[in-house]
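Chain by chain, the residues:
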Amino acid sequence: MHDILKAAGAGRGQSILIEGTAGMGRTRLLRHAMDQAGEHGLHLLSARARASEQDVEYSIAQQLMAGARTLLADALPGPDGPAAPPDPWEAHFNCPAPYAAHPSPGAAAVHPLARLLSTGTPLMLAVDDLQWADTASLRCLGYLMARLENTPVAVVATVALGETPGDPVLAEVLSSFRHRTLLRGLSAEDTARIAADAFAAPGLDPGPDPDATDAAPDPRFVEACRSATGGSPYLLEALFRVMRLHGLRPDAEAVDRIGDLAPVEVADTLLPRYDRAYPGAAAVLQAIAVLDGSATTAMTARLLGLDPLGAADVVDALIRAGALTGQDSIVRFARPVLRTAVLASVPPSRRDALHARAAELLHESGAPAERVAAQLLRVRSTLGLHWTCAVLSTAAGELIQRGDPDRARAYLHRGLEECQGACRGKLLRALGRIELAADPAAAVEHLRRALALEPDAACRADIRLCTAHALQLLGRPEEAERVLLEGVAEARGAEEDAADVLRAERCLLRELNHAVDAAVEADCAGAAEALPPAATATPGERHTRLSLAALRSSRRGEERDRAVHQARQALQEEHVSLDWRIATRTVPLQVLARADELDLALSECRALLDRARAEGSRTLLTIAHSMRAEVRYRSGDIAGCLEDARAALEPAGSSPSGHWSRTGQAMAAVVASLLETGELREANRALSDFGLDADVPEGAGFAALLFHRGRLRVACGHPQAGLADLMECGRRLGAAGQLNPSVLSWRSEAALVHAALGEREAALALVEEELARARRWGGRRATGRALRAAGLLAKGLGGEEALREAVEVLEESAARLDLARALTDLGILMRKSSRLGEAREHLRRAQSLAEQCGAAVLAQTARQELLAAGARPRRPTEVGIDALTPTERRVALMAVAKFTNREIAAKMFVTQRTVELHLSRVYRKLAVTGRSGLAEYFARPESGSAGADLPECAAEPAAWSGARAG
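All values reported here derive from a predicted model rather than from experimental measurement.

## Points about the overall build of the protein
1) Next: Of regular secondary structure, the protein possesses 47 helices and 7 strands.
2) Next: In the protein, which comprises 966 residues, the share counted as buried stands at 55%.
3) Next: A separation of at least 24 residues holds for 69% of the contacts in the protein among residues at least 6 apart in sequence.
4) Next: As presented, the protein carries roughly 39300 Å² of accessible surface, and 51% of it is formed by carbon and sulfur atoms.

## Regarding the state of the cysteines
Two cysteines form a disulfide when their sulfur atoms are joined by a covalent bond.
1) Next: Considering all chains together, one arrives at 1 disulfide under this definition.
2) Next: The disulfide partner of Cys419 is Cys423, and the S-S distance across this bridge is 2.4 Å. In this structure the cystine formed by Cys419 and Cys423 twists about its S-S bond by roughly 120°; its chirality is therefore right-handed.

## Concerning the nonpolar core
For soluble globular proteins, nonpolar side chains are generally found buried alongside one another.
1) Next: Counting residues in hydrophobic clusters, the biggest one holds 167 residues, and the most contacted among them are Leu130, Phe221 and Phe240.
2) Next: Every residue in contact with Leu130, bar those within four places of it in the chain, is listed here: Leu17, Leu138, Leu141, Ala157, Thr158, Val159, Leu170, Val173, Leu174 and Phe177.
3) Next: Counting 77 residues, the second largest nonpolar core, distinct from the first, contains Leu675, Ala703, Leu726 and Leu771.

## Structural notes on the sheet that holds strand β4 (residues 153–160)
1) Next: One open sheet accounts for 5 strands, arranged β2-β3-β4-β1-β5; its pairing is parallel. Of all the strands in the sheet, the pair left with one neighbour each is β2 (43–48) and β5 (179–182). Between one strand and the next, the sheet's axes are offset by a mean angle of 15°, whatever the strand orientation.

## Points about the pairing of strand β7 (residues 330–333)
1) Next: Pairing of strand β6 (residues 324–327) with β7 involves 4 bridges; the strand directions are antiparallel. For Gln327, the partnering residue across the bridge sits in β7 and is Ile330.

## Examining helix α17 (residues 348–364)
1) Next: For α17, which comprises 17 residues, the first-to-last C-alpha distance of 24 Å matches the rise-based estimate of 24 Å (1.5 Å per residue) to within 8%.
2) Next: Those residues of α17 that sit buried are Asp352, Leu354, His355, Ala356, Ala358, Ala359, Leu361 and Leu362.
3) Next: Of the surrounding secondary structure, the elements contacted by the buried residues of α17 are α13 (281–291), α14 (297–304), α16 (336–345) and α18 (369–377).
4) Next: Immediately downstream of α17, the backbone of Gly366 shows phi near 80°, a positive value.

## What about the pattern of salt bridges?
1) Next: Using the criterion set out here, one finds 74 salt bridges in the structure.
2) Next: Across the salt bridge formed by Asp725 and Arg709, the nearest N and O atoms sit 2.7 Å from each other. Here the residue Asp725 occupies a position in helix α36 (residues 719–735), and Arg709 occupies one in helix α35 (residues 700–715), the gap between them amounting to 16 residues.
3) Next: One connected set of salt bridges, linked through shared partners, spans Glu676, Arg711, Glu749, Arg781, Arg785, Asp818 and Arg821.

## Digging into the layout of surface pockets
1) Next: Approximately 1000 Å³ is the volume attributed to the largest pocket.
2) Next: Together, 48 residues line the largest pocket, and His514, Gly699, Ala700, Gly701 and Phe702 are the ones closest to its centre.
3) Next: Put simply, the parts of the chain that give the lining of the largest pocket at least two residues each are α24 (477–491), α25 (496–512), α29 (587–594), α31 (618–635), α33 (663–677), α35, α36 and α39 (780–793).
4) Next: Residue classes in the lining of the largest pocket are distributed as 23 nonpolar, 12 polar and 13 charged.

## Brief notes about the packing of helix α44 (residues 886–896) against helix α46 (residues 912–926)
1) Next: In the contact formed by α44 and α46, the axes pass within 9 Å of each other and the chain directions differ by 90°. Judged on the interaxial angle alone, α46 and α44 are roughly perpendicular. Contact with α44, carried on its side by Thr887, Glu888, Val891, Ala892 and Ala895, involves Val915, His918, Leu919, Arg921, Val922 and Lys925 of α46 and no other residues of that element.

## Notes on the side chain of Ser15
1) Next: Locating Ser15 in the fold gives a position in strand β1 (residues 14–20).
2) Next: Polar side-chain contacts of Ser15 include one of 2.8 Å to the backbone nitrogen of Arg178.
3) Next: Sequence-distant contacts of Ser15, that is, excluding residues within four places in its chain, are made with Met145, Leu148, Val155, Ser176, Phe177, Arg178 and His179.

## Details of the environment of Pro250
1) Next: Tracing the backbone through its elements, the reader meets Pro250 in the loop between α10 (233–245) and α11 (255–258).
2) Next: The exposure class assigned to Pro250 is buried, which follows from its relative accessible area of 10%.
3) Next: Once the C-alpha coordinates of Pro250 and Asp218 are considered, the two residues, 32 residues apart in sequence, prove to be 6.3 Å apart.
4) Next: Residues contacting Pro250, with those up to four places away along its chain left out, are Phe199, Pro217, Asp218 and Phe221.

## A word on helix α43 (residues 856–868)
1) Next: For α43, with 13 residues, the first-to-last C-alpha span of 18 Å sits near the 18 Å given by 1.5 Å per residue.
2) Next: The buried fraction of α43 amounts to 10 of the 13 residues, a majority that puts the element mostly inside the structure.
3) Next: Those residues of α43 that sit buried are Ala856, Val857, Leu858, Ala859, Gln860, Thr861, Ala862, Arg863, Glu865 and Leu866.
4) Next: Those residues of α43 that are buried lie in contact with α33, α41 (816–832) and α42 (836–853).

## Brief notes about the confidence of the model for the protein
Low pLDDT means the predicted coordinates in that region are not meant to be read closely.
1) Next: For the protein, the mean per-residue pLDDT works out to 84, and 86% of the residues sit at or above 70.
2) Next: Below pLDDT 50 for its whole length, residues 203–214 participates in 15 contacts with residues either more than four positions away or in separate chains.

## So, the pairing of β4
1) Next: For β4, the buried fraction is high: 8 of the 8 residues fall into the buried class.
2) Next: Every second residue of β4 is oriented toward a common face, with Val153, Val155, Ala157 and Val159 on one face and Ala154, Val156, Thr158 and Ala160 on the other, all of them buried.
3) Next: Where strand β3 (residues 123–128) and β4 come together, 5 bridges link them in parallel fashion. For Met124, the partnering residue across the bridge sits in β4 and is Ala154.
4) Next: Handedness of the β3-helix α6 (residues 135–145)-β4 crossover: right-handed.

## Remarks on the packing of aromatic side chains
1) Next: On inspection of all chains with the given rule, the structure shows 3 aromatic pairs.
2) Next: Ring centres of Phe199 and Phe240 lie 5.4 Å apart, and the angle between their planes is 65°; this geometry places the pair in the edge-to-face category. Of this pair, Phe199 sits in the loop between α8 (188–198) and α9 (219–229) while Phe240 is found in helix α10, placing the two residues 41 residues apart along the sequence. Across the pair, exposure class does not vary: Phe199 and Phe240 are buried alike.
3) Next: Centroid distance Phe221 to Phe240: 6.1 Å. Interplanar angle 25°. Geometry classified as stacked.

## So, the environment of Ser577
1) Next: Along the chain, Ser577 falls in the loop between α28 (560–571) and α29.
2) Next: We classify Ser577 as buried; its relative accessible area is 19%.
3) Next: Put simply, Ser577 and Ile400 are 177 residues apart on the chain and 8.8 Å apart in space, counted from C-alpha to C-alpha.
4) Next: When sequence neighbours within four positions are dropped, the list of residues in contact with Ser577 reads Arg433, Arg585 and Glu615.

## Things to note about the environment of Leu236
1) Next: Considering the arrangement of structural elements, one finds Leu236 in helix α10.
2) Next: In sequence terms Leu236 and Ala195 are 41 residues apart; their C-alpha atoms lie 8.2 Å from each other.
3) Next: Leaving out residues up to four positions away in the same chain, Leu236 has contacts with Leu186, Thr191, Cys225, Thr229 and Gly231.

## Some remarks on unusual backbone geometry
1) Next: Backbone geometry at Tyr58 places phi at a positive 60°, although glycine is not the residue there.
2) Next: Assignment of secondary structure puts Tyr58 in the loop between β2 and α3 (59–75).
3) Next: Positive phi, close to 65°, is recorded for Ser834, a residue that is not glycine.
4) Next: Structurally, Ser834 is set in the loop between α41 and α42.
5) Next: Relative accessible area serves as the criterion here: at 60%, Ser834 is assigned to the exposed category.

## Comments concerning the packing of α35 against α36
1) Next: Packing of α35 against α36 leaves a shortest axis separation of 7 Å and a crossing angle of 160°. Put simply, α35 runs roughly antiparallel to α36. Both α35 and α36 take part in a crossing whose hand is left-handed. In contact with Phe702, Ala703, Leu706, Phe707, Arg709, Gly710, Arg713 and Val714 of α35, α36 contributes Pro719, Ala721, Gly722, Asp725, Leu726, Glu728, Cys729, Arg732 and Leu733.
2) Next: Classifying every residue of the contact of α35 with α36 by side-chain character gives 10 nonpolar, 2 polar and 5 charged.

The rules behind these values
- Residues numbered from 1 in each chain as written.
- Predicted model: local features only at pLDDT ≥ 70, side-chain atom pairs only at ≥ 80, totals over all residues.
- Heavy atoms only, no water.
- Helix = DSSP H or I, 4+ residues; strand = E, 2+ residues; numbered from the N terminus.
- Buried < 20%, exposed > 50% of the residue type's maximum accessible area, 1.4 Å probe, protein only.
- Contact = heavy atoms within 4.5 Å.
- Areas by Shrake-Rupley, 256 points an atom, 1.4 Å probe, with all protein chains shown as cover.
- Disulfide = S-S within 2.5 Å.
- Core = buried A, V, L, I, M, F, W, Y, C linked by side-chain atoms within 4.5 Å.
- Pairing = 2+ DSSP bridges.
- Axes fitted to C-alpha atoms, helices over the stretch in contact; angles between N-to-C directions.
- Expected span 1.5 Å × (residues − 1).
- Salt bridge = Lys/Arg side-chain N within 4 Å of Asp/Glu carboxyl O.
- 1 Å grid on protein atoms, 1.4 Å probe; cavity = no way out; pocket = protein on both sides within 12 Å on 5 of 7 lines; lining within 4 Å.
- Points joined across faces, edges and corners; volume = space filled by probe spheres on them.
- Nonpolar A, V, L, I, M, F, W, Y, C, P; charged D, E, K, R; others polar.
- Parallel < 35°, antiparallel > 145°, perpendicular 65-115°, else oblique.
- Polar contact = N/O pair within 3.5 Å; in protein donor to acceptor, adjacent residues only side chain to side chain.
- pLDDT = per-residue confidence, 0-100.
- Right-handed = clockwise from strand over helix to strand, strands pointing away.
- Phe/Tyr/Trp six-rings, centres within 6.5 Å; stacked < 30°, edge-to-face > 60°.
- Left-handed = near helix turned anticlockwise from the far one by under 90°.

Written out as structure tokens, the structure reads:
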């Protein structure tokens, strides 16, 4: 553009046509050129064509002549100016040959422009939206452009692609332009710049995190906006206005909202424009917006009741105009945001009618059930058609297979609105099973309604099974058992196989809930031992019976190898549905973890998480994260344990009434992890936020919470309160016949507190019992922990022997953290015995293991003992990424991911002030300034050793501090 204007100013006439679809910025580029005219010595004459003035003769010419009169009045004295020699413009411009047969404006009308041209004044003629210019003005412009050679004139015009009527005069004029440029969508860089400008507007609320206001738009946001708008500047700016209206920011969280935002002003502007060019275009666009992915030209014509050939002409024109695109006979919007805007502009009553008619047409044409169901879902009133229920049910099944239970749930809810017949029970049953993936409470409600409508005995047994699992997930085991018992009584005789399945499931849930008593012991023993032949049993029945047998062996602390074998067999059973044994799916993993098969348990946890994501099951994700948190803690992966535990807790929120059965297990993992990192205040705050700092609910998962809360209270200097929690944990386990110390080593923990309080006899009794039971079970971790406690309580040579044996046993396990504890205690004993060389050897290894585990408190204890033993250990890391605690690292990564302080606090169940303090420590340790510096730091590779922070509560008494705490 610069070169063209420069050439015109030098006397070499030029012309350029700016082409582009609606909204691509043609007018903006033209105005930019108009602003540059003066820089090249060109006087500006401008005109804008309007569709409403297309039939007004010389409307464009008159606009240009008005500007010419102004220039003549400013530049030439007198009413007519000085006399000038005759000029070809003066003689001929008033009758623009070769169109002499057509009416002309006369010499007086054109005279000002002719006179101005005759003076040789450098001019820029700018015409916007040339497609709407009147024919007479087009003839004048064509006449002028044919005579631009060696004149100081630049003609710059814009035209909208696909909106040009079939006018031969316009076509000839467009072909006369020497230069033509086609505007395409904006690049990612330009989109990001426009987004940054749009969201940095004065007075815009910066949101809850002021640090985030200066950040560049997220690349994912930029790409989503480009995809939705096709890079159209007009559509981008309209989209950003709607986003600001909804309080959205240009970040990753806004990406999922973009498709739902409807800038209606876009439809109000473009629909009349397209309709003027191609009558009926607005209705066609509305129909295609309604059909959404199912729009063929023929289907669009049928939906609107139009002639197919006429509709095809309009569709073809809209494709040329860039509004639509056609591929594989399906017509779609070229820019998704335009579809959203068009759909939002349709009045609700007409939109309902169009969706209802579209559903009928698609069903008649044999379209896939999901396409038909998508239309039905958008109709607000019920249709009462006999086929709707079957279509919605089929579509829901297809979505479940693809791992999209949320949309499947919506289809089934719609089906319940449509269906009042015999199929209603089937829909309720399917809905209840799906809701197990996200909302067990809703699942219970729908399954109970389905049970009331279901006559078939086998189906009723299946409904009861799903209901029991939902109640188990909600932490209501008594209700779950009652549902199963009623099913056993109901099925006995009529459906004996179903009765056996329900009986076995009841026994498994009782084992899982630590609720076994003498009344059901024999019944459960029979269910566990009478494994059905593989040829006759379902995968679910085999999974239940094998899990039950393995769990019973684990509870009693007997037959470890057999329990492991049965757990492995249970894991091999095929998962056949989304809700498949959802409340007991991790039972085999629990048995493997308690049997110290940690690598296999971890691998199976990963597989379960992958399946949960593929199935779209938030419930299963919660269960799998909770289970993996326990496995990671047992193996000594503190950071991983904390990550999984918090992921498991997110769906539960901070309301005690929202506890699922795994909330206690996940909270126990949070407390245990924070204990190891020394973040004791955070651990107490987490308990308080979940209402678990006082009474702890009954239930299997909450025994572990009592265990680790007791350890936390001891670490914070409250041994009596801690001992009370540990003993209550033991009481609950004992009442359920849970004898295996591999589940929770509450006896050894309580023994150490008893000893610190001077109650040595009670301490020794507890340790002796735990060691005997651990040896009977054969688990190395449980045996090593019991031996360590025995070594700490024993005096003289007996203590050393027990600690050495603990180290030997734990060496052969995957429990790195427990090995580090035993090595630390053995090193301390060696130092006190003046065997400093051996002490340093054990303590160095203990420090290394503790740092690898992320156990900052234990690592610090080992280092202090090394100093006391005369070693010169390396200084603990105080700066760099290895200095961050697991919580600080998680906060840092969430900040880099552009979560606000408020969002981080919500996800971590802490206050915003706590997040600010964590970030301050992160900035100091990493030597960065603000979030921008943090992002730059994590963008480059860093290395270092694991660091250690001191505990955040008062110094602990020596008897239960450091290595001796847990």
